[in-house]
Amino acid sequence: MYRTYFAAFIAFIALITAGAREARAQGRDWSPADRAILGDFSRVLAVATTAQRVYAVSEPGIVIWLPIERRWDGPYNPPQAGMLDGVFSALADPLDESLWMARSDGFVHFQPEILQWEQQRVPARVRSLAIDLDDPGGGIRLETSSGWFRVLPGGGPPVPSPAPTRIKRAPTVEDALRANPSLAANASQILLDPRGRVGRFSAAAPAGDGIGWYLGTLGLGLLYVRPGMPIPDKLPFGLPGDRVGAVVGVPGVVWAATERTQRTDEAVTFVIGRAHV
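Below is a summary of the structure that appears in this document. (Residues numbered from 1 in each chain as written. Predicted model: local features only at pLDDT ≥ 70, side-chain atom pairs only at ≥ 80, totals over all residues. Heavy atoms only, no water.)

## Notes on the sheet that holds strand β6 (residues 99–103)
On the basis of which strands lie adjacent, the open sheet formed by four strands has the order β5-β6-β7-β8 and antiparallel pairing. Looking at which strands have only one partner, the edges of the open sheet turn out to be β5 (89–92) and β8 (116–121). Each strand of the sheet is rotated relative to its neighbour by a mean of 20 degrees, with strand direction disregarded. Alignment of β6 against strand β7 (residues 106–111), held across five bridges, turns out to be antiparallel. Directly across from L99, in β7, lies its bridge partner F110. (Pairing = 2+ DSSP bridges. Helix = DSSP H or I, 4+ residues; strand = E, 2+ residues; numbered from the N terminus. Axes fitted to C-alpha atoms, helices over the stretch in contact; angles between N-to-C directions.)

Shown next, in the form of structure tokens:
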């Protein structure tokens, strides 16, 4: 009798294992459009803008705010863990609107249309990203501790280059504060979360249409400040915490509940089709 129970138990475990393998295999075959990968995007490392896109770089990946459509696109997760670690600045390519991200040891390039990622090292410490306004199609420039490097259009290893004649560097938080004096005056109110914790500004870029600024924060995600407005609009995305207590899926909608932690409150978020709320 015990042998019968044991054999049934082994068969049950084998069935579960086979089902899990099948589910993982199916998950690997899903296209990005069929996935809803949610994480904590409240910590924004870098921001870059084009006429139609706002890139927000976080530790889990990249999300894109589409201001004309008023919706989020993504997230896009890098193929290797840690690829976005240490990103401190970003700039959109003026030719194809792809995203260039600076790390102290090199750069990361992401092309959302073809879902292509590239990472390259630089033999010097990277200080900033830039474009030469006299040669906007000549590639992205990297200012380093050993001089300037250039990455040719489309990517590839960086090569030593003369300094740009007309430099346009990636915008900074300081640029946003100078353009919007009320941000500094109201920072203690803007950066306060519901539990009384204070975040900080981490990145900034002017809106592609020239109206307002987008600001990344450590703790409150992406913000948009309109000209003359003292308090920015919040543009939340993703789960507000990293401990998911429950997930419920029905046709067209996925709900996720996160637990309270030392850093985040308990909350519920959901996805309807491609729109995140």
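There is more to say after this.
## Considering the side chain of E118
Tracing the backbone shows E118 in strand β8. Here E118 sits buried without a salt bridge, and the closest side chain of opposite charge, R121, lies 11 Å off (N-O distance). There is a polar contact of 2.7 Å between the side chain of E118 and the backbone nitrogen of G156. The contacts of E118, once residues within four sequence positions are left out, are F107, V108, H109, G154, G155 and G156. (Buried < 20%, exposed > 50% of the residue type's maximum accessible area, 1.4 Å probe, protein only. Lys, Arg positive; Asp, Glu negative; His and termini not counted. Salt bridge = Lys/Arg side-chain N within 4 Å of Asp/Glu carboxyl O. Polar contact = N/O pair within 3.5 Å; in protein donor to acceptor, adjacent residues only side chain to side chain. Contact = heavy atoms within 4.5 Å.)

## Considering the pairing of β5
Judged by which residues are buried, β5 turns out to be covered on both faces: S89 and L91 on one side and A90 and A92 on the other are all buried. Here four bridges tie β5 to β6, and the two strands are oriented antiparallel to one another. Pairing of S89 across the sheet is with A102, part of β6. Count of turn residues in the β5/β6 antiparallel hairpin: six residues, of which E97 carries a positive phi of about 65 degrees.

## Some thoughts on the sheet that holds strand β9 (residues 126–132)
Spatially, five strands are ordered β12-β11-β10-β9-β13 in an open sheet, and the strand pairing comes out antiparallel. Two strands in the sheet have a free side with no partner beyond their single neighbour: β12 (159–160) and β13 (167–169). Pairing geometry for β9 and β13, over three bridges, is antiparallel. What sits directly across from D132, in β13, is I167.

## With respect to a nonpolar patch on the surface
Together, V244, V247 and V254 make up a nonpolar patch on the protein surface, roughly 230 Å² of accessible area in all. In this structure, V247 sits in strand β18 (residues 244–250). (Patch = residues over 30% accessible without salt bridge, like charges linked within 9 Å, V, L, I, M, F, W, Y side chains within 5 Å. Areas by Shrake-Rupley, 256 points an atom, 1.4 Å probe, with all protein chains shown as cover.)

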